[in-house]
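Summary of structural features
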Amino acid sequence: MGRYVVRRLLQAIPVLLGTTFLIFAIVYALPGDPLQALAGDRRVDPVFAQTMRELFHLNDPLIVRYGYYIRDIFTGDFGTTFRGLPVSTIFEGKFQVTLNLALMALIIEAIVGVGLGLIAALRRGRWSDTGILAVTLMLVSIPTLVSGFVLQLVLGVQLKKSTGIDFFPVTGVSDGWRSYLLPGAVLAGTSIAYLTRLTRTSLMETLRSDYVRTAIAKGMPRRRVLGRHALRNSLIPLVTYLGADLGTLMGGAVITETIFNLPGIGQQLFTSVYLRENSVVVGIVTVLVLIYILANLIVDLLYAVLDPRIRYE
Amino acid sequence: MQNPSVDTHLLPADTLGTAPLLAVDNLHVEFATRQGVARAVNGVSYALNAGETLAVLGESGSGKSVTAQAIMGILDMPPARIPKGEIRFRGTDLLKLSENARTQIRGQQIAMVFQDALSALNPVFTVGWQIAEMFRVHRGMGKKAAYAKAIELMDRVRIPAARQRVHDYPHQFSGGMRQRIMIAMSIALDPDVLIADEPTTALDVTVQAQIMELLAELQRESNMAMILITHDLGVVADVADKIAVMYGGRIVENAPVHDVYKTPAHPYTKGLLESIPRVDQKGQDLYAIKGLPPNLLDMPTGCAFNPRCPYRQDNCVTDVPPLHEISGTRSSACHYWREVLDGVEG
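These numbers were taken from a predicted model, which means no experiment stands behind them. (Residues numbered from 1 in each chain as written. Chains lettered and ligands numbered in written order. Predicted model: local features only at pLDDT ≥ 70, side-chain atom pairs only at ≥ 80, totals over all residues. Heavy atoms only, no water.)

Time to look at the overall build of chain B. Assigned secondary structure in chain B consists of 13 helices and twelve strands. A globule of 346 residues ought to have a C-alpha radius of gyration of about 20 Å, and chain B, at 21 Å, matches this closely. Dimensions of chain B, computed from the C-alpha atoms along their principal axes, are close to 65 × 50 × 45 Å. Sorting the 346 residues of chain B into buried and exposed places 51% on the buried side. In chain B, 65% of the contacts between residues at least 6 apart in sequence involve partners at least 24 apart. Total accessible area on chain B stands at roughly 15600 Å², and carbon and sulfur atoms take up 51% of it. (Helix = DSSP H or I, 4+ residues; strand = E, 2+ residues; numbered from the N terminus. Rg over C-alpha atoms; globule rule 2.2 N^0.38 Å. Buried < 20%, exposed > 50% of the residue type's maximum accessible area, 1.4 Å probe, protein only. Contact = heavy atoms within 4.5 Å. Areas by Shrake-Rupley, 256 points an atom, 1.4 Å probe, with all protein chains shown as cover.)

Our next topic: the pairing of strand β1 (residues 22-33) of chain B. All names here are of chain B. Pairing between β1 and strand β2 (residues 36-48): ten bridges, direction antiparallel. Pairing of Val-29 across the sheet is with Val-41, part of β2. Taking the residues that link successive antiparallel strands as the turn, the β1-β2 hairpin has two residues. (Pairing = 2+ DSSP bridges.)

Our next topic: the sheet that holds strand β10 (residues 250-256) of chain B. Residues and elements named next belong to chain B. Here we have eight strands laid out as an open sheet, ordered β6-β7-β8-β3-β9-β10-β12-β11, and mixed in their pairing. Edge positions in the open sheet fall to β6 (110-113) and β11 (324-325), since each of these has one partner strand only. Two elements, β11 and strand β12 (residues 331-332), share two bridges in a ladder whose sense is antiparallel. Note on β12: the bridge partner recorded for Glu-325 is Ser-331. Along the sheet, helix α7 (residues 175-186) contacts β6 and β7 (193-197); its crossing angle with β6, the most-contacted strand, is approximately 175°. The strands touched by helix α11 (residues 267-274) within the sheet are β3 (53-57), β9 (242-247) and β10, with β9 carrying the most contacts at an inclination of about 105°. (Axes fitted to C-alpha atoms, helices over the stretch in contact; angles between N-to-C directions.)

So, about the UniProt feature "transmembrane region" (unreviewed entry) in chain A. Residues and elements named next belong to chain A. Residues annotated in UniProt with the feature "transmembrane region" (unreviewed entry) correspond here to residues 12-30, 101-122, 134-157, 177-195, 238-260 and 280-306. Between the end C-alpha atoms of residues 101-122 the distance is 31 Å, and the span holds 100% helix and 0% strand. In this annotation, residues 280-306 is assigned 100% helix and 0% strand; the end-to-end C-alpha distance for the span is 39 Å. (UniProt positions renumbered as here; feature names shortened; annotations may be inferred.)

This is the structure:
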């Protein structure tokens, strides 16, 4: 097991190099001069420009610049912006916000998605099953922009106005975990729908299996047949989905963070692309890739816990 | 070892002696499908006494497994339906019991061994856990005592190094060993009736013999009744007391095992016996019963076997043959059983 983890982490290195190089190349291929973008309409002082170009290796070929970047990354240095601000200072607190948001979305998704999926599978073909499937279709169809503003209006503003309940903050992160409830729900929207359907299919398949029939033939009570014999086997595909979804949720948080004004990495990424702060863009993507790789490793290790047929040497 | 814990037997035992232990009476099972109603079992009756082995013989789709699943109460209903019939266990009709009462009988008094042990055992729990579960749930035993019982049972079905292997998972065992675990699980609570649904089909021939021997031995030790479902005539000969041959959801022949081999009284049984490859026929074509098994959605009129039968006469297409009594222990559902017995083809 230990050797497997080490091997997987080593495998992550080429993945990390590949993805960062791709994003590095794309960002630096963007047309225009980053220094001119910094100065706006004014003329850039040629001496200043010359100094900056040398300081940031802007005159070197792409591959050499990438080499410098990677060298710095491995010493824990994400570089500095043209304004002289260390990129790591810009990151400060922002990854935490986005991670909190994604984790909240993941929790909401797991509870609601798995719950609805279980109900649908156990009431297969009845109206509650049909209803749940219809709801998932609606969730997939509603864009985040719509669901975000509607939830803000209904649960945040009107609920407070009509009943005085002030439980769902609509903006910022100053209310602790409650700040993430509404944005988490919005971000989880489509994933809830997919997870519901996946849970339903997975459990239905397990319920048809021979070993569930054996458990019934052993005289096990229905609750034990479902909760012990069927559930653990149905969980395996769900864990895969949830693990992969953490990365997707973090990368897809831009719109949600903007609607709810959360100072997270999504907003920062958007601003940085706009301002041509290339080192920040590449830095954010690098960390996201790292999180994605780690999430997938955890999923693979969870497999072995859930399914004894999978053993890592 | 043999300690039939009477307190868990919910049903009165005083009816024993007169009535058989288990009696299936005029059982009908049908399945609602998109194409219509499939009549899988059409009036099957058989009875079984303690210590007796009944072999139910027939090809796929003959209704032999469905009958067994109806006895266990593990049919998916719907789509399955039992419109008619009784299944009496110790005099009580199981079909009239509540689901709760049936759960109490399943596994404890009537147990089942399935065909493919790899898929019938849960892949994510150790075999010890799965055997011990019987004692923990049904007998309220603690973990330690239940595992001790599990090891004892694994020893009894002759799994080598049971104490070490109790914490292994099903996929770590060979096919034969897995089936032994399945058997250990089913006999855990000393059931009165054991239903073995093609217990050796997934195994190779040498292992088949060992498993059959094990089943026969366990049965002798505990005097349980056994229903052995199979399509393999070779498996039956050594262990069964009597045979019920099924075709198209009906029993077509009932007989003590040796009579069937010597003098089959139904053309289908006869066909089955003639299709067994024999050493003295080396080089010749193998015999096969002509035609295909009946479509359950569209059964032939009259006798279900008539399209494939060498003895067919006009009334076979119009009249369903009743079970004719041949002797006290034998019966055949063929209008022309006398001709079949005499070997005269029509």
